[in-house]
Amino acid sequence: MVSRDDVSVLILAGGQALRMGGVDKGRQLYHGVPLIEHVISAAQPFTNRIVISANQNIEYYKTLADDVVVDQPPWQAIGPLGGLFAMLPSLEDQQSILILPCDTPRISTLALESLLAASKAAPSKVHCLKTENGWQPLHAVIPAARLKQCLSDYLDRAEHFGVMGFYNFLGCESVYWDRQEELLNINRIEELNL
């Protein structure tokens, strides 16, 4: 398994949550616990460094993470790539970035372990979960050196800011995960009761 010192976790909590009426999605309770705390619990066994990308309630998120990054100019409000860009200055010596959304509270440590094992076997590529419903691009491991080397130039040239475009640019392999229920993505208030 990959050493905890070699992995930084970036949890994306900086979105606008428009389908939830603009609330701070990461703080919404799922089974009595904030969504983001479920994700942190799944990721914690694999890292000594958790970073949260957030654009509101920064003080709250600082209580949960080693670092909080906020979207930086000129890449504010472009989605996950904006969070990755904001993280660049805070990268240390980690070899891999495990990127996760704050709104998949059922994700398991086993799924993350599979991603990290695939990354260890082919460390120069992005590894992304794939289920029967397709790619799950916000559950991925990105090589830190390639991220540092390529992201700024990619953003400068990109016409679209979808994360899969960047992954394909770097070289991406899927890691099949057969437990689709773990990828439940909470996008609406009523889904918090599932």
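Higher on the page you've got the structure.
Sequence positions are assigned chain by chain, starting from 1 and proceeding in written order. This being a predicted model, a pLDDT of at least 70 is required before a residue's local features are given, and a value of 80 or more before pairs of side-chain atoms are given or counted; all residues contribute to the totals for chains, interfaces and linings. Note that water and hydrogens are dropped before the side-chain values are worked out from all heavy atoms of the structure.

Peer 1: Any details on the overall build of the protein chain? Residues and values, ideally.
Peer 2: Numbering goes from the N terminus for both helices and strands, where a helix is a DSSP run of H or I of at least four residues and a strand is a run of E of at least two. Each helix and strand counted, the protein chain has six helices and nine strands in total. The buried label applies to any residue whose accessible area, calculated with a 1.4 Å probe on protein chains only, is under 20% of its type's maximum; exposed applies above 50%, and partly exposed to all values in between. A burial count over the protein chain gives 53% of its 194 residues as buried. Pairs of residues are marked as contacts when any of their non-hydrogen atoms sit within 4.5 Å. Considering only contacts within the protein chain whose residues lie at least 6 apart along the sequence, 71% involve residues at least 24 apart. Summed over its atoms, the accessible surface of the protein chain is roughly 8900 Å², and 48% of this surface lies on carbon and sulfur atoms. Positive charges are assigned to Lys and Arg, negative charges to Asp and Glu, while His and the chain termini are left out of the count. To locate a charge, take atom NZ for lysine, CZ for arginine, CG for aspartate or CD for glutamate. Across the protein chain, the 15 positively charged side chains and the 22 negatively charged ones have centroids separated by 2 Å. Residue exposure ignores everything except the shown protein chains as possible cover, and the areas themselves are Shrake-Rupley values with a 1.4 Å probe.

Peer 1: Requested: an account of the sheet that holds strand 9 (residues 172-176), with residues and values cited.
Peer 2: Here, a strand pair is defined by DSSP locating no fewer than two bridges between the strands. Ordered in space as 5-4-1-6-8-7-9, the seven strands form an open sheet in which the pairing is mixed. One side of each edge strand has no neighbouring strand; the edge strands of this open sheet are strand 5 (67-69) and strand 9. Geometrically, the sheet is characterised by an average inter-axis angle of 30 degrees between neighbouring strands, direction not taken into account. Between N-to-C directions, angles cover 0 to 180 degrees, with each direction set by a line fitted to C-alpha atoms, over the stretch in contact for helices. Along the sheet face, helix 4 (residues 109-121) touches strand 1 (7-13), strand 6 (96-101), strand 7 (126-131), strand 8 (134-143) and strand 9 and points at about 140 degrees away from the line of strand 7. Relative to the sheet, helix 5 (residues 144-157) contacts strand 6 and strand 8, its axis offset from that of strand 8 by approximately 95 degrees.

Peer 1: Lay out unusual backbone geometry in plain terms, naming residues and giving numbers.
Peer 2: In this structure, the amide linkage connecting P73 to the following residue, P74, adopts the cis form with an omega of 0 degrees. For P74, the position within the fold is in the loop between strand 5 and helix 3 (80-87). Its identity as a non-glycine residue notwithstanding, A77 has a phi of 60 degrees, on the positive side. Residue position: A77 is located in the loop between strand 5 and helix 3. Relative accessible area serves as the criterion here: at 60%, A77 is assigned to the exposed category.

Peer 1: So what about helix 4? Which residues, and what values?
Peer 2: Take the number of residues in a helix, subtract one, and multiply by 1.5 Å to get its expected span. Its 13 residues give helix 4 an end-to-end C-alpha distance of 18 Å, which sits within 8% of 18 Å, the value for a rise of 1.5 Å per residue. Among the residues of helix 4, A111, L112, L115, L116 and S119 are the ones counted as buried. Taken down its axis, helix 4 places every buried residue within 130 degrees of arc, on the same side. On its buried face, helix 4 is in contact with strand 1, helix 1 (35-43), strand 6, strand 7, strand 8 and strand 9. The arc refers to the directions leading from the helix axis to the C-beta atoms.

Peer 1: Lay out the side chain of T47 in plain terms, naming residues and giving numbers.
Peer 2: Turning to its location among the elements, T47 is positioned in the loop between helix 1 and strand 4 (49-54). Pairs of N or O atoms within 3.5 Å make up the polar contacts considered here, provided that, within protein, one atom can donate a hydrogen while the other can accept it, and that residues adjacent in sequence are counted only when both atoms are side-chain atoms. A polar contact is formed between the side chain of T47 and the backbone nitrogen of R49, at a distance of 2.8 Å. The contact partners of T47, leaving out residues within four places of it in the chain, are R4, V7, S8 and V9.

Peer 1: Residues and numbers for the packing of aromatic side chains, please.
Peer 2: Here the aromatic set is Phe, Tyr and Trp, taking the six-membered ring for Trp, and pairing holds for ring centres within 6.5 Å; pairs whose planes are under 30 degrees apart are stacked, those over 60 apart are edge-to-face, and all others are tilted. Applying the stated criterion across every chain yields a total of four aromatic pairs. Ring centres of Y154 and F169 lie 5.4 Å apart, and the angle between their planes is 45 degrees; this geometry places the pair in the tilted category. Linking Y154 in helix 5 with F169 in helix 6 (residues 163-170), this pair joins segments that are 15 residues apart in sequence. Geometrically, a lysine NZ or arginine CZ counts as sitting over a ring once it is within 6 Å of the ring centre and also within 35 degrees of the ring normal. Above the face of the Y60 ring, R27 is positioned so that its terminal group lies 4.3 Å from the ring centre.

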